[in-house]
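Here is what each chain is made of, one letter per residue.
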Amino acid sequence: MTRRTKPAPAAGALPSRETILAFIADSTEKIGKREIAKAFDIKGADRIGLKALLKEIEEDGAIERGRGGFAKAGRLPPVVLADIFSRDRDGELVARPAQWDGEGETPRITLQMPRAGRKSNRPAPGLGDRALIRVEPEAGSATRYTGRVIKVIGKNKAEVIGVYRAGREGGRLIPVEKRSQGREIEIPPGEEGEARDGDLVSVSVERETRFGLPRGRVRDRLGSLGSEKAVSLIALHLHNIPHVFAKETQAEADAVKEVGLKGREDWRDQPLLTIDPPDAKDHDDAVMAEPDPDPKNEGGFIVTVAIADVAAYVRPGSALDREALLRGNSVYFPDRVVPMLPERISNDLCSLREDEDRPALAVRMVIDAGGVKRRHSFHRVMMRSRAKLAYAQAQAAIEGRPDDKTAPLLEPVLRPLYAAYEAMKAARDARGPLALDLPERKVLLKPDGAVDRVIVPERLEAHRLIEEFMIQANVAAAETLEAAKSPLIYRVHDEPALEKMRALGEVLASIGIKLPKDGVLKPALFNRILLSVAETEHSIFINEVILRSQAQAVYSSQNLGHFGLNLRRYAHFTSPIRRYADLIVHRALISAGKLGSDGLPSDTTVGMLEAIGEQISGAERRAMAAERETIDRLIAHHLADRVGATFTGRISGVTRAGLFVKLDDTGADGFVPAATIGADFYRHDETRHALVGDRTGETFRLGDNVEVKLVEAAAVAGALRFEILSEGRSGSGRKGPGGRPKFHKAKSKTTSYGPPKSTSKRGKPATAGRNTDRRHRGSRG
């Protein structure tokens, strides 16, 4: 495959937008600004014009920038890292990209094998292999590609997790992944190891033929599905999340000695305390506040946030450091926590335990009566937590219901904390962060590991207090490191892409809300829209659509700001026990403030931190997927004996294949195949997030309330299949005859909430996703 060469434009002219798009689309090699300039003979000052043109095309969403250069939006780059996971009906190997952050269906790559008679010294690719593949789009398809393997990375190391079913001779593996349902693997006699019928096992694919079932060998017996931790084990293995510390790492942790007061400020008499969930095992932040005695800051406060000094124990390049980077973050399941650091570090030496001396890195912030931060300073200290409180416990004390523990703390400690928060809340409201209202559910388990119930925890002012204190501490860290010209890892959340805003505008227009066409994009725009629909049938729908319009928050050495929080700079500083990004920021602060010799190594470059940012962003996405899938499996198991029952829910996703429905009581997600809906043929209307009947115009839209019947519950895969009982909206926007209560028509009058048009100069944001840093792992910024 060769790259098409385009004729250079006339002297002094730039190629047209269409010409550039065609050139990028036809390319089979890396394409960047340099390659485009060379192909079209663009030199000198004309390169500035080319840069501006590429920026414009990128902001419009027509192209995407990645490590491999530019690619047409929604397309794979010419060379992609992919996993070979299946065969098609003709026996050809099929691969999918190892990472796909695009919208819609994951692309499929059909591999072309070497021509007959052509020998190769390279190993032949097989099922389960990861390989570098040169790809070419199939004509007329946006998701199908053909490809040739450049290099196999790791031959025959496929690992499939599933349930072993014993037979008369050998057995079979039933894979647990939803996308692998129905693709069984034969386990020949003698290859089952210690597996017994019904066990959860991992299997390596040892041999597969053009036809028939692939054959595998049991590598590990992971446990019985009756054990309480089997469900989270599935997710750990499927997502390759390290969950057993290396011997070297554990030995290093066991040998760590407590640090002393030398070189630190003695803050052990300060009334710092921790406020956490009641079941928290590690406490990485403590807070306090007091009125500012400075007469020039009347009504102001001094707010202190002290964070566990993990950098004192985890040194750069150590075994602890290497494994922490590999894990990226702690992973939280309903039945267990997979920590980033061994318990000796996370739950002992670095946990700010009550009445025990602990090293900390603290920030002291002076705020005025309006909650605006005037200045701040960082300190390396030795502290002693005055008390360990739960959120509800602290809130009850403030509301006049103190207990034996909080009563002595109420006036000297808790009231100043809440008074400072009231001032900071005013500043937060003036700042106007994105205010999505999407309740977070929590799964509570019985002692045997089964689901007890699903709840929506009450959101208290105590949660918001800690959240706002952590946010301001994170801002202070970013400001300090920027002022010191230190490299750092930012937590960035770019503004929504223009194509997302256009799609949002079309959805809003369908319910009578008009999105203006110009102005600077701010969270306040979304907040006004959310407020306008807060008491209407459209509330959940619009919250979901606005969430889907947002970019995904990631870690980067380049500052793009934090759109969701409406902050110009933001860095994670407050949770180094469970996030590697925070540990990097701690080390940078130690170096910048000359607070010790265990800071960021002097040879650290921006490029090195960018690579780390990409790695830990991937680990975060991996953890979120594992957590979500584990909850899906737990709830599917919980509902397995209720097949045939009816439930109420709402449509949480719409695809060509059907509808995703989220149940009201458990939050469980299930699927309704389009072919099972009514007696019509339903087409996917992407702009309206709806399936629309060809003949009747009956419409099922994202956010609609529906009634469904549970048809199938695949507990191991976490998959639920529903049959929809409700009728959809008619062409007029109302429920059809005999259906559920009618929906109200959208008012014909339109309302403008300007201004939506982006004037960003920051380029296309990271892949759109769910994580806008609203909350993650409690109120910890």
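Residues numbered from 1 in each chain as written. Predicted model: local features only at pLDDT ≥ 70, side-chain atom pairs only at ≥ 80, totals over all residues. Heavy atoms only, no water.

Engineer: Please explain the sheet that holds strand 30 (residues 682-685) as it appears in this structure.
Structural biologist: For sheets, the rule is that strands pair by backbone hydrogen bonds, running either parallel or antiparallel. Read from one edge of the open sheet, 3 strands run 30-31-32, paired in antiparallel fashion. The outermost strands of the open sheet, each flanked by one partner alone, are strand 30 and strand 32 (699-701). Geometrically, the sheet is characterised by an average inter-axis angle of 20° between neighbouring strands, direction not taken into account. In this structure, strand 30 lies alongside strand 31 (residues 690-693), joined through 4 bridges in antiparallel fashion. Residue pairing across strands places Arg683 opposite Val692, the latter belonging to strand 31. (Pairing = 2+ DSSP bridges. Helix = DSSP H or I, 4+ residues; strand = E, 2+ residues; numbered from the N terminus. Axes fitted to C-alpha atoms, helices over the stretch in contact; angles between N-to-C directions.)

Engineer: What is the right way to read the pattern of salt bridges from this model?
Structural biologist: Pairs can form between side chains of opposite charge once their charged atoms are near each other. A complete count under the given rule lists 45 salt bridges for this structure. Glu422 is the salt-bridge partner of Lys425, the closest N and O atoms lying 3.4 Å from each other. Taken as a pair, Lys425 and Glu422 lie in helix 9 (residues 410-431) at a separation of 3 residues, close to a single helical turn. Two residues, Asp669 and Lys662, come together in a salt bridge whose shortest N-O distance is 3.0 Å. Taking relative accessible area as the criterion, Asp669 reaches 27% and is therefore assigned partly exposed. When its relative accessible area of 18% is taken as the criterion, Lys662 is described as buried. Sharing partners across several salt bridges, the network here consists of Arg264, Asp309, Arg315, Arg380 and Asp598. (Salt bridge = Lys/Arg side-chain N within 4 Å of Asp/Glu carboxyl O. Buried < 20%, exposed > 50% of the residue type's maximum accessible area, 1.4 Å probe, protein only.)

Engineer: Even after reading the chapter, I still don't get the packing of helix 4 (residues 230-238) against helix 15 (residues 606-639), so can you show me in this structure?
Structural biologist: When two helices pack together, their arrangement is given by the angle between their axes and by how far apart the axes lie. Orientation of helix 4 relative to helix 15, taken along the N-to-C sense of each, is 145°, at an axis distance of 9 Å. In this structure, helix 4 meets helix 15 at a crossing whose hand is right-handed. Residue-level inspection shows Val231, Ser232, Ile234, Ala235 and Leu238 of helix 4 in contact with helix 15, the latter providing Ala626, Glu629, Thr630, Arg633 and Leu634. (Left-handed = near helix turned anticlockwise from the far one by under 90°. Contact = heavy atoms within 4.5 Å.)

Engineer: How do you make sense of the packing of aromatic side chains when you look at a structure like this?
Structural biologist: Ring pairs (aromatic) are described by centroid distance and by the angle formed between their planes. Counting across every chain of the model gives 4 aromatic pairs. Ring geometry for Phe526 versus Phe563: centroids 6.0 Å apart, planes at 85°, classification edge-to-face. Of the two residues, Phe526 is situated in helix 12 (residues 523-532) and Phe563 in the loop between strand 26 (554-556) and helix 14 (580-592); the sequence distance between them amounts to 37 residues. We note that Phe526, like Phe563, is buried. (Phe/Tyr/Trp six-rings, centres within 6.5 Å; stacked < 30°, edge-to-face > 60°.)

Engineer: Could you clarify how one ought to interpret the confidence of the model for the chain in this entry?
Structural biologist: The predicted coordinates should not be examined in detail at positions where pLDDT is low. For the chain, per-residue confidence averages 83 on the pLDDT scale, and 83% of positions sit at 70 or higher. Counting interchain partners and residues more than four positions distant, the pLDDT-below-50 stretch residues 774-779 has 21 contacts. (pLDDT = per-residue confidence, 0-100.)

Engineer: How do you make sense of a positive patch on the surface when you look at a structure like this?
Structural biologist: A surface patch of positive charge is lined by Lys33, Arg34, Arg47 and Lys51. Look at Arg34 and you get exposed, because its relative accessible area is 65%. (Patch = residues over 30% accessible without salt bridge, like charges linked within 9 Å, V, L, I, M, F, W, Y side chains within 5 Å. Areas by Shrake-Rupley, 256 points an atom, 1.4 Å probe, with all protein chains shown as cover. Lys, Arg positive; Asp, Glu negative; His and termini not counted. Charge placed at Lys NZ, Arg CZ, Asp CG, Glu CD.)

Engineer: What am I meant to see in the pairing of strand 27 (residues 646-655) here?
Structural biologist: On a regular strand, each side chain points to the face opposite its neighbour's, so the side chains alternate between the two faces of the sheet. Counting buried positions along strand 27 gives 7 out of 10 residues, so the element sits mostly inside the fold. Sheet topology note: the strand 27/strand 33 (residues 705-714) ladder contains 5 bridges and is antiparallel. Looking at the pairing, Arg650 lines up with Asn705 of strand 33. Pairing of strand 27 with strand 28 (residues 658-663) involves 6 bridges; the strand directions are antiparallel. Within the sheet, the bridge partner assigned to Ile651 lies in strand 28 and is Val661. Counting the residues that bridge the hairpin from strand 27 to strand 28 gives 2 residues.

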